[in-house]
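Residues per chain are reported as follows:
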Amino acid sequence: MGLVMPIVDSAQVTTTPANSTAVEATVVYDSLNQCIRYKSANEWSNCLLDKDQVKNEISVSVIGKEFWLSSPPSPSLSSYYKKPTTSGDYFSLFTYTGNSTYLYGAGNSWATGSNGTVNPANKRYNIKPSYVLAGSGSSFIVADGKLYVSGSNTYRQLGVAGTSCATCDVQGFKEAPMPFSYADEKVLSVANINGSATTALLTDKGNVYTTGYGLYGHNGNGTTANQTAFTKVTSLSNIVALFGNDQNNLVYGMFVAIDKDGKIFAWGRHYYNYIPGFSLTQVVSTPVDITSAFTPFLSSGEKIVKVSISYYQTIALTNTGKVIVAGENYRIGYGTGIVNTLTAVTPFTLNAGEYVVDMEADSGGGIIATNKRIFVAGLNPFGRFGTGDASTKYSWTPVSIPDLDPSWNIEYIDLATNRTFITMAPTLSDGGGRILGSGSNIYGTLGSNNSLYQFKLMKF
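Predicted model, so just to flag it, every value in this text is computed and none were measured. (Residues numbered from 1 in each chain as written. Predicted model: local features only at pLDDT ≥ 70, side-chain atom pairs only at ≥ 80, totals over all residues. Heavy atoms only, no water.)

### Concerning the environment of Val307
Thinking step 1. Tracing the chain through its elements places Val307 in strand β22 (residues 304-309).
Thinking step 2. Note on Val307: relative accessible area 1%, which makes it buried.
Thinking step 3. Placed 43 residues apart in sequence, Val307 and Ile264 show a C-alpha to C-alpha distance of 8.7 Å.
Thinking step 4. In this structure Val307 touches Phe243, Val256, Ile264, Phe294, Ile315, Ala316 and Met359, once residues within four positions along its chain are discounted. (Helix = DSSP H or I, 4+ residues; strand = E, 2+ residues; numbered from the N terminus. Buried < 20%, exposed > 50% of the residue type's maximum accessible area, 1.4 Å probe, protein only. Contact = heavy atoms within 4.5 Å.)

### Some points on the side chain of Glu185
Thinking step 1. Structurally, Glu185 is set in the loop between β13 (174-175) and β14 (187-193).
Thinking step 2. With no salt bridge to any partner, buried Glu185 finds its closest opposite charge in Lys232, at an N-O distance of 6.4 Å.
Thinking step 3. At 2.7 Å, the side chain of Glu185 forms a polar contact with the side chain of Thr203.
Thinking step 4. Reaching out from Glu185, the side chain makes a polar contact with the side chain of Tyr209 at a distance of 3.2 Å.
Thinking step 5. The contacts of Glu185, once residues within four sequence positions are left out, are Phe180, Thr203, Asp204, Lys205, Asn207 and Tyr209. (Lys, Arg positive; Asp, Glu negative; His and termini not counted. Salt bridge = Lys/Arg side-chain N within 4 Å of Asp/Glu carboxyl O. Polar contact = N/O pair within 3.5 Å; in protein donor to acceptor, adjacent residues only side chain to side chain.)

### Structural notes on the pattern of salt bridges
Thinking step 1. Scanning the model with the defined rule gives 9 salt bridges in all.
Thinking step 2. For Lys83, the salt bridge identified is with Asp414, shortest N-O distance 2.9 Å. On the criterion of sequence distance, the pair formed by Lys83 in the loop between β5 (66-70) and β6 (85-87) and Asp414 in strand β30 (residues 410-415) is long-range, its members being 331 residues apart.
Thinking step 3. The exposure class of Asp414 is buried, given its relative accessible area of 4%.

### Overview of the nonpolar core
Thinking step 1. Ranked by internal contacts, the top residues of the largest apolar core, which has 54 residues, are Val208 and Phe294.
Thinking step 2. Those residues in contact with Val208, other than ones at most four positions away along the chain, are Ala200, Leu201, Leu202, Thr231, Lys232, Val233, Leu236, Ile239, Leu242 and Trp267.
Thinking step 3. Counting residues in hydrophobic clusters, the runner-up holds 17 residues, among them Val142, Leu158, Phe180 and Tyr182. (Core = buried A, V, L, I, M, F, W, Y, C linked by side-chain atoms within 4.5 Å.)

### Regarding the confidence of the model for the protein
Thinking step 1. Chain-level statistics for the protein give a pLDDT mean of 80 and a share of 81% at 70 or above.
Thinking step 2. Model confidence for the protein, summarised as mean pLDDT per element, is weakest for β5 at 37 and strongest for strand β16 (residues 208-212) at 97.
Thinking step 3. Counting interchain partners and residues more than four positions distant, the pLDDT-below-50 stretch residues 51-74 has 58 contacts. (pLDDT = per-residue confidence, 0-100.)

### Focus on the sheet that holds β30
Thinking step 1. The strand order β30-β31-β32-β33 describes an open sheet built from 4 strands, whose pairing is antiparallel. This sheet does not close on itself; its edge strands, each paired only once, are β30 and β33 (453-459). With strand direction ignored, the average angle separating the axes of adjacent strands in the sheet is 5°.
Thinking step 2. In this structure, strand β31 (residues 419-424) lies alongside strand β32 (residues 435-440), joined through 5 bridges in antiparallel fashion. Along β32, the bridge assignment pairs Arg419 with Gly439. (Pairing = 2+ DSSP bridges. Axes fitted to C-alpha atoms, helices over the stretch in contact; angles between N-to-C directions.)

So this is what it looks like as structure tokens:
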């Protein structure tokens, strides 16, 4: 037995059933911030119990007035609303979330918000990002439900005016205008494809908005036109997860969205991915329900939690750690040749206390992470997988993490064209965690390491 607080979309807009202002001493559960708050004489308090303090006890995903609860050992959709590290071709962004939260940048690109080379990484802003995403030359930051952008805007993929760096505020990150009020709707996560030429974002109301390059239907609104500002994808609603694949190619790639009922939708350019129902090369300008393609591989209670569709591979992950793949075999850990239809594989057996936390697929390769181990498959340019070499992995291969403390837990991964980041759960005395990186270190993109390439995962 226990006390259940009234659950509200946001404390600031809470009213009584009679639509009057909440009185002093009202206590509610704020679903947007995922914490308990109370009303004082004049205003609402800050969070009394932050969601990060209870994330190991229960994971809560909130979209509008719908709620889903899940606990380890499976990854929850809410885990994909947080991304602390990200990497583009020549720059990286990562956050420190100890006693103070900072955004750091490293590399040679205006996309770090620094208008120059940042090596080693330097503190940029005293803000609290919940999600950071790096494209080939563009950066996206979600903080306090707002979207901030910087870098290349050639196709208006940042959703701001102008196409040159000067109008994109190269000295910092610019708040992207939205077709909704931030007071009513909050940004949860952001995704991109086509070398970051097309951007999509997900809000707490379950809506998806897109902007940028649209020649192959990537904006999802039934046309092949470019969009200069974020526009709602009208055919989607009640979406709880959004994924892209920043394959560094302007014409390939698909967005994927999952709704509250577990339905999977895809749009963009299907190209040799072997998703049933699509031709080998097909423009999909309106999101298509592809759930039925994955259903035969799912057991009772099993759900797809993440999907990545690039031009020669499809990789999906279930909440039990099963991997569903199609495409050129060496890109999906299935040997040589081509898998013409979706195929289910179980690349590892979970040990006691081990559970799947994340998956990434990009540029002909993929990574699956449990809380204790990393498995990789596919192309390995510049030694990005951290396996000690740069050779292609034709099957799912475990990665050795040097000096791994048994108390550490892996939380998030980021796979880019030429490097990998692994983020560990907070274990430091001041609340911070650890980041491991491997691959290309051009312009210091792996932090303070000095060598050009890191073929093994290194702490920094």
